[in-house]
Amino acid sequence: WTAEDLKDKLYYLPTEAHGHGWMDGGVWRAIEEGRVTTPEPFRQRPSLGSRLLVQQNFKGSLGALASELSSWQEEPRLKAAKLLRVFLVCMEDYVASCLERLLPALCHAGCSEDAQITRAVLDASRTLSWYTDPGLSLQILGPRLSPEFDRTKRASAARVLAAVVRGSAEAGTIAGHEAEVAAMVADNGLDSTGDTALKRAAVEVCEAAVLAIAGGEGDDAIAARDGLVGSLVLLTGGREPFAPAAEVLKTVLGALPAQSRAPALASSLLGLCAGRTLAEGALPPETHAGAVCGALDLALGGLQAGLSREEVLARGEE
């Protein structure tokens, strides 16, 4: 690219529009303000020429990249996920046209017990969400959380969803989608599963969405928060609390103003009992009404007494 080729973009458009389409620049503002770290190996936004080069040639390599992400061999998966993340920083909002190929491939790549691969896949998923509409990502990921898929694939899709929520929150685009995330957890039974890996993934989704809501006080934000707290209650359980969920539940409730904790818990319990007819067996035995009440008592008691995590869990075993 020469200066003449790029003259119109350089001189007549703001920097947010220097590329294909129009980027709102939210994530780069967050980076400049220190709220998000610059993605390695970059130290700043790639030059316009670099971005245009990748944007105009990426689709030619998309098929091969998606194939490598779905490879049965772990080394190609790892390299493909790392390479994709670099490409995404250059692609910016132009990557939106590739979501239907990339998200399923990332979910497939995440079906690995290798920690490096999982980390690379989630880094790429988070970066992808910086430049895309979270609503589109939720539409693509939602069906993959269904019980029609096996537990490993559902857990991978849930982890990718959590990364998408975190990235969208960093870019400032998740607002208005929190209730949809809460519904995805509840409607697909992620909060009533007995599978440990799927439970952990569901906890990650709930935590990411609750943190994204932050101090939101609108009716929609409060309803979404209550739904997510309810899911965390179910994931925590009763007599034998699921430690990751108990820790997140305690953190989430502790972050609320003191006067809001009890109402949030009460609202969540009422929502669980009214919305999911427990007596009809909508939930498995380990998450029946007694377990729900036990989890609420566990969380509220720990918060009021200022107990440590170990003490909170010990109380739940009594």
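In short, a report on the structure. Quick caveat: nothing in here was measured; it's all calculated off a predicted structure. Positions within a chain are numbered from 1, following the residues in the order the chain's sequence is written. This being a predicted model, a pLDDT of at least 70 is required before a residue's local features are given, and a value of 80 or more before pairs of side-chain atoms are given or counted; all residues contribute to the totals for chains, interfaces and linings. Heavy atoms from the whole structure form the basis of all side-chain values; hydrogens and water molecules are not counted.

Side note on the overall build of the protein
Here is the rule: Secondary structure is summarised from DSSP: a helix means a run of H or I of at least four residues, a strand means a run of E of at least two, and numbering begins at the N terminus for each. Each residue's exposure class comes from its accessible area (1.4 Å probe, protein chains only) as a fraction of the maximum for that residue type: buried when under 20%, exposed when over 50%, partly exposed otherwise. In what follows, residue pairs with any heavy atoms lying within 4.5 Å of each other are defined as contacts. Here the open area of atoms and residues is found with the Shrake-Rupley method and a 1.4 Å probe, where only the protein chains shown may cover a residue.
On a plain count of helices and strands, the protein comes out with 15 helices and 0 strands. Here the protein holds 318 residues, and the buried ones make up 50% of them. Sequence separation of 24 or more characterises 73% of the internal contacts of the protein that already satisfy a separation of 6 or more. Accessible area for the protein stands at about 15200 Å²; split by element, carbon and sulfur atoms hold 51% of it.

Notes on helix 7 (residues 134–141)
Put simply, the rule is: Polar contact is the term for a pair of N or O atoms within 3.5 Å; when the atoms are in protein, one must be able to donate a hydrogen and the other to accept it, and sequence-neighboring residues count only if both atoms are side-chain atoms.
In terms of burial, helix 7 is largely enclosed, as 6 of its 8 residues are buried. Its buried side turned inward, helix 7 meets helix 5 (99–109), helix 8 (151–171) and helix 9 (178–187). Looking at where helix 7 begins, the residue whose side-chain oxygen comes 2.9 Å from the main-chain nitrogen of Gly 135 is Asp 133.

Quick look at the side chain of Asp 191
For Asp 191, the position within the fold is in the loop between helix 9 and helix 10 (196–213). Overall, the relative accessible area of 1% leaves Asp 191 in the buried class. Of the polar contacts made by the side chain of Asp 191, one reaches the side chain of Ser 231; its length is 2.8 Å.

Some words on the environment of Arg 144
By the secondary structure assignment, Arg 144 is in the loop between helix 7 and helix 8. On the basis of relative accessibility, which here comes to 22%, the residue Arg 144 falls in the partly exposed class. In the structure, Arg 144 is positioned 11 residues away from Ala 155 in sequence and 9.4 Å away in space, judged by C-alpha atoms. Arg 144 has contacts with Pro 104, Cys 107, Phe 149, Lys 153, Arg 154 and Ala 157, leaving out every residue within four places of it along the chain.

Regarding unusual backbone geometry
With an omega dihedral of 5 degrees, the bond running from Glu 40 to Pro 41 counts as a cis peptide bond. Relative to the helices and strands, Pro 41 resides in the loop between helix 2 (26–32) and helix 3 (48–69). Despite not being glycine, Glu 92 shows a phi value in the positive range, around 50 degrees. Looking at the secondary structure, you find Glu 92 in the loop between helix 4 (74–91) and helix 5. When its relative accessible area of 2% is taken as the criterion, Glu 92 is described as buried.

The quantities given are spatial measurements derived from coordinates; they are silent on function.
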